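The primary structure of each chain is shown beneath.
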Amino acid sequence: EFINITNNIPHDFKNKIEDDKTGDETVKYLRNARKTAWRINSNHASSLGFHPLIYFYSIEGNYRPASFYALLLWLIKLEQKNLFNDFIKIRKVFEDMLIKYGDLISDMTRQYRYAIKAYPHIQDFYMESMQLLLSGENIDDTVASIKKSRPKFNFLRVNIGKHDDIFSNFTTEKKSAIFIKEALQNPIRCKICNGLIHQNAITIDHITRKQDGGLGEVDNGQLTHPYCNTTYKN
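All figures in this text were calculated on a predicted structure; none of them were measured in a lab. (Residues numbered from 1 in each chain as written. Predicted model: local features only at pLDDT ≥ 70, side-chain atom pairs only at ≥ 80, totals over all residues. Heavy atoms only, no water.)

> Explain the pairing of strand β2 (residues 221–224) to me, and be specific about the residues and the numbers.
Residues Q222 and T224 line the buried face of β2, whereas the alternating positions G221 and L223 sit on a face that is not buried. Relative to β2, strand β1 (residues 203–206) runs antiparallel, the two being bridged by four bridges. Bridged to I204 within β2 is L223. (Buried < 20%, exposed > 50% of the residue type's maximum accessible area, 1.4 Å probe, protein only. Helix = DSSP H or I, 4+ residues; strand = E, 2+ residues; numbered from the N terminus. Pairing = 2+ DSSP bridges.)

Printed below as a string of structure tokens:
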């Protein structure tokens, strides 16, 4: 699915694309996949360094394939519309929204039953959330507005409380939830966009740029995402 989504190949691609007799198309597909992988989480200059705890896992520590697929499609849309810098402007509040309302992603996956059917709708939710946040809406109003104005999202359970089963021992899910809760208490953040930063996607940025006379001193360094450092800042 990763290869298919990054190359706009339909899910039911059998008998719809020709055999690659020379290997040229395969190389092109792999390059597109590598480009997207670099963008997601790496030290490549293009990397947005998406933190897995926020974008790919539930608060209970369950991996969500639909979230991963949705991010792939969303990245393609952001690149097509040249919206990466707009995302950087609201990245911190966007990630706060995913933390607070992460269960909505699970709701969408349950609604459409399969990750492969749910991910385009999750991508739509991301895109609409981003536009509302850019307009100045807060997190709660953004989610409420999408639920109210878009019929396909009216099933979302925004205000439903959780009813945990009580056990004397910690379940595996509860252990994961505790780890994630602790990890998100005081996370390392990018000093440019204030979004969460992951150890696999860190660059050291000159606070005062080299071209402005900044030196490679400890006091002039800060941790940033590669994209924020190499592209957005400049």
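> Break down the packing of aromatic side chains for me, with residues and values.
Counting across every chain of the model gives 16 aromatic pairs. The interplanar angle of 40° and the centroid separation of 5.8 Å between the aromatic rings of F2 and F68 together place this pair among those described as tilted. Here F2 is found in helix α1 (residues 2–6), whereas its partner F68 is found in helix α4 (residues 65–80), with 66 residues between them in sequence. Taking the relative accessible area as the measure of exposure, F68 reaches 17% and is therefore buried. (Phe/Tyr/Trp six-rings, centres within 6.5 Å; stacked < 30°, edge-to-face > 60°.)

> Before we move on, can you summarise helix α6 (residues 103–112) with the specific residues and values?
Looking at α6, one finds that the buried residues are L104, I105, S106, D107 and M108. Where α6 is buried, its residues meet α4, α7 (115–134) and α8 (139–149). R113, located one to two residues past α6, shows a positive phi value of around 75°. (Contact = heavy atoms within 4.5 Å.)

> Before we move on, can you summarise the side chain of T203 with the specific residues and values?
Mapped onto the elements of the fold, T203 is located in strand β1. Classification of T203 as buried rests on a relative accessible area of 16%. In terms of polar contacts, T203 uses its side chain to reach the side chain of N229, at 3.2 Å. If near-sequence neighbours (up to four positions away) are discounted, T203 is found in contact with Q222, L223, T224, H225, P226 and N229. (Polar contact = N/O pair within 3.5 Å; in protein donor to acceptor, adjacent residues only side chain to side chain.)

> Tell me about the pattern of salt bridges, residues and numbers included.
Evaluated as defined, the whole model comprises twelve salt bridges. Between D96 and K92 there is a salt bridge, with the nearest N and O atoms lying 2.8 Å from each other. Taken together, the positions of D96 and K92, both in helix α5 (residues 84–100) and four residues apart, correspond to about one turn of that helix. You can call D96 partly exposed: its relative accessible area is 21%. Here the salt bridges share partners, and the residues they tie into one network are D107, R110 and R157. (Salt bridge = Lys/Arg side-chain N within 4 Å of Asp/Glu carboxyl O.)

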